[in-house]
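# Structure assessment
Chain by chain, the residues:
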Amino acid sequence: MLCAAPARAHGPAAGDAPDGIPRLTDDRGRVLTLRGWNVEDKTHRGEAALSAITERHFRDLRARGFNFARLLVFWDDLEPVRGRYSERYLRRIGQVLDWARTYRVHVVIDAHQDVFGPVFGHRGIPEWATRTDGLPFTAHPDDWFAEYFEPAVQRAFTHLYEDPDLRSAQAGMWRVLADRFADHPAVIGYDLINEPMGEIREGEDLPAAARRIEAEQLTPMYNRLADAVRSVDRHTWLFVEPTPIVGEGVPTGLGGIDDPRTVYAPHFYNTAMEAGADHDPSAGWIEAYERAVTEYPARHRVPVVVGEWGPLNNALPNMGRFYRDALASLNRYSSGWAGYVWCYGGGYCALDAEGRFRVNKEQTAAPYAPAVAGGVTAEGYEAESGTYRLEYRSSPGFSEISVPPGASGWRIEVTGRAWPRVSTVPAGRTATVRIHARPGGHVTVAVRPRTPR
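Residues numbered from 1 in each chain as written. Predicted model: local features only at pLDDT ≥ 70, side-chain atom pairs only at ≥ 80, totals over all residues. Heavy atoms only, no water.

Cut-off, in case you're wondering: UniProt positions are given in the numbering used here, feature names are shortened, and annotations may be inferred rather than shown by experiment.
The name an unreviewed UniProt entry assigns to the protein is Endoglycoceramidase, from the organism Streptomyces pristinaespiralis. One UniProt comment on the protein, placed under Sequence similarities (unreviewed entry), says "Belongs to the glycosyl hydrolase 5 (cellulase A) family."

Okay, structure coming up:
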């Protein structure tokens, strides 16, 4: 079953990324790759919460070959009054997860916050858990990220990290979620908090502040929340994020998380592109980001799944190059990624109102191996030829190759003592092809566009 309960990542024999970063695995020991998108409803609250997410989201994800969704949920919807958890909201989350299960999509439940929460005009931490000490806040309608640097917002983060009663409340929220969904077959992980920030001290520059916040506040918070989750759920992966400052090419100061099923889950955003600039290949940002983001998982021996990425203005002249280079980078070191965001329309949406990929976003739909029974020794996708190649040393079980709809269809070529269920996929069809192999053998797989007759 694709949506299996996960197990601890394998060591080097399982097919580490080039920098010695472990790969994500399932309960059968198969190496997993997650490819997908964030799914959200930031507009509706209360009784209408999550109503913008429909079965179509998951049907369309699977129809284009994706197997992963990062589902945004909000503490202010789950616990609008302290100690009173919304059963309606929990049922609605369960409905979304049932759709994911139907379409064989892995889900990470993300405890999302933007600029802390409703007190500042956004979503996330409830009003009752927001303490500002009367410090000022000024909204920045044209630059919402600047609001993270307002004194009231920064102080609210400090109270969340340091006040014993708020620590307990946050842990309690996660116990409720994990207890409810621990055994749901679609759930592969919990993202403990989205894009955490903190308070910058006088005389401290942003990189130094980020490293201190990560070391002194986020690390103990993640360990507290891990203990809370493990009191009711022993197996689901825990996704932990650095501050968004990693996007500036700054290695995280995050310490070790005392849990064997931890995933490092940074985001992949460039400040200039978020402000509307085109991609500048000569600036070396992708290379700097990759160097910064791989240091922590290599040192702590944890897998990487990039939780959000994708520019707002994806139709600018250099964005085709950006998508090619970004995907090549992400696929070198990570066990997967979730683009932002799977919706129908403008802005960050992956699809237009008719459900067609918006320009350049179609590059995210390419062949890949959702599950490999064995140790991966080589893997890569050539964008120019549209060819995906995989090499692995087989172990018991079956591997899976996913192909999106192709204009001419696909040809699957396998060498070694291995047998694919099918060797061709017709034009316009999505397919997941199983490959059975004799254990211990060297298997190579090539997936190429079929040549039109």
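Let's pick the thread back up.
## A word on the sheet that holds strand β15 (residues 387-394)
Within a beta sheet, neighbouring strands are joined by backbone hydrogen bonds and run either parallel or antiparallel to one another. For clarity, the threshold we go by: Any two strands are treated as partners once DSSP identifies two or more bridges connecting them. In this description a helix means any DSSP run of H or I spanning at least four residues, a strand means any run of E spanning at least two, and both kinds are numbered starting from the N terminus.
Within the open sheet, the 5 strands sit side by side as β14-β15-β21-β17-β19. Their pairing is antiparallel. The outermost strands of the open sheet, each flanked by one partner alone, are β14 (374-382) and β19 (424-425). One ladder, built from 8 bridges, connects β14 with β15; its direction is antiparallel. For Ala378, the partnering residue across the bridge sits in β15 and is Glu391.

## Regarding the state of the cysteines
Here is the rule: Here, a disulfide means two cysteine sulfur atoms that sit within 2.5 Å of each other. When accessible area is computed with a 1.4 Å probe and restricted to protein chains, residues below 20% of their type maximum are described as buried, those above 50% as exposed, and intermediate ones as partly exposed.
Applying the stated rule across the entire model yields 1 disulfide. Disulfide pairing is shown between Cys343 and Cys349; the S-S distance is 1.9 Å. On the sign convention where negative is left-handed, the bridge of Cys343 and Cys349, at about -110° about the S-S bond, is left-handed. Residue classification places Cys349 among the buried residues on the basis of a relative accessible area of 8%.

## Structural notes on the pairing of strand β8 (residues 237-240)
Alternating residues of β8 divide into Trp237 and Phe239 and Leu238 and Val240, and every residue in both groups is buried. With 3 bridges joining them, strand β7 (residues 187-191) and β8 adopt parallel strand pairing. By the bridge assignment, Gly189 is partnered in β8 with Trp237. The pairing of β8 with strand β9 (residues 262-264) spans 3 bridges and is parallel. Bridged to Leu238 within β9 is Thr262.

## Comments concerning the side chain of Asp26
Heads up, the rule is: Throughout this description, a polar contact denotes any pair of N or O atoms lying within 3.5 Å of each other; where both atoms belong to protein, one of them has to be capable of donating a hydrogen while the other can accept it, and for residues adjacent in sequence the pair is counted only when both atoms sit in side chains.
Inspection of the secondary structure puts Asp26 in strand β2 (residues 25-26). A distance of 2.9 Å separates a polar atom in the side chain of Asp26 from the backbone nitrogen of Arg28.

## Describing the side chain of Asp352
Note the cut-off: Should any heavy atoms of two residues lie within 4.5 Å, those residues are considered in contact.
Looking at the element boundaries, Asp352 is found in the loop between β12 (336-339) and β13 (368-372). Accessibility expressed as a relative area gives 17% for Asp352, which makes it buried. Within the structure, Asp352 has its side chain in polar contact with the backbone nitrogen of Glu354 (distance 2.9 Å). Sequence-distant contacts of Asp352, that is, excluding residues within four places in its chain, are made with Tyr344, Gly345 and Arg358.

## A short note on the UniProt feature "domain: Glycoside hydrolase family 5 C-terminal" (unreviewed entry) in the protein
The feature "domain: Glycoside hydrolase family 5 C-terminal" (unreviewed entry), as given by UniProt, occupies residues 367-447 in the numbering adopted here. Taken end to end, residues 367-447 has its terminal C-alpha atoms 7 Å apart, with 0% of it in helix and 64% in strand.

## Topic: the UniProt feature "domain: Glycoside hydrolase family" (unreviewed entry) in the protein
According to UniProt, the positions carrying the feature "domain: Glycoside hydrolase family" (unreviewed entry) are residues 53-344. Structurally, residues 53-344 is divided into 41% helix and 11% strand, and its ends, taken at the C-alpha atoms, are 11 Å apart.

## Some words on the layout of surface pockets
Inclusion rule: Both site types are read off a 1 Å grid over the protein atoms alone. A 1.4 Å probe that fits but cannot get out defines a cavity, while an open set with protein on both sides within 12 Å along at least five of seven lines defines a pocket; lining residues have an atom within 4 Å of a point. Grid points are joined across faces, edges and corners, and a volume is the space filled by probe spheres set on the points. Following the grouping adopted for this structure description, the nonpolar residues are Ala, Val, Leu, Ile, Met, Phe, Trp, Tyr, Cys and Pro, the charged ones are Asp, Glu, Lys and Arg, and the polar ones are all others, Gly among them.
There is about 890 Å³ of room inside the largest pocket. In terms of lining, the largest pocket is formed by 28 residues, of which the most central are Trp144, Phe145, Glu195, Glu274 and Tyr348. By residue class, the composition of the lining of the largest pocket is 11 nonpolar, 7 polar and 10 charged.

## Some details on helix α9 (residues 319-333)
Definition in use: Multiplying one less than the number of residues by 1.5 Å gives the expected span of a helix.
With 15 residues, α9 ought to run about 21 Å at 1.5 Å a step, and its terminal C-alpha atoms sit 22 Å apart, in line with that. Elements that come into contact with the buried residues of α9 comprise β10 (267-268), α7 (271-274), α8 (285-300), β11 (308-309) and β12.

## Here we look at the domain arrangement of the protein
What counts, and what does not: Boundary definitions for the domains trace back to an automatic or database domain assignment. Reported buried area values correspond to the accessible surface (1.4 Å probe) lost by two parts on association, with both partners' losses combined. Any Lys or Arg side-chain nitrogen located within 4 Å of an Asp or Glu carboxyl oxygen qualifies as a salt bridge.
Here the protein is described as being made up of domain 1 (34-365) and domain 2 (366-452). Of note, the centres of domain 1 and domain 2, computed from C-alpha atoms alone, are 31 Å apart. In this complex, domain 1 contributes 12 residues to the contact, which on the side of domain 2 involves 10 residues. When the two sides are added together, the surface that domain 1 and domain 2 hide from each other amounts to roughly 760 Å², 48% of it contributed by carbon and sulfur. If you sort the residues of domain 1 by the area they bury against domain 2, Arg35, Gly65 and Ala365 come out on top, with a joint share of 45%. Across the domain 1-domain 2 interface, the total number found is 0 salt bridges. Counting across the domain 1 and domain 2 interface gives 4 residue pairs in polar contact (both at pLDDT 80 or more). Of the residues that constitute the side of domain 1 that touches domain 2, the class distribution is 3 nonpolar, 4 polar and 5 charged.

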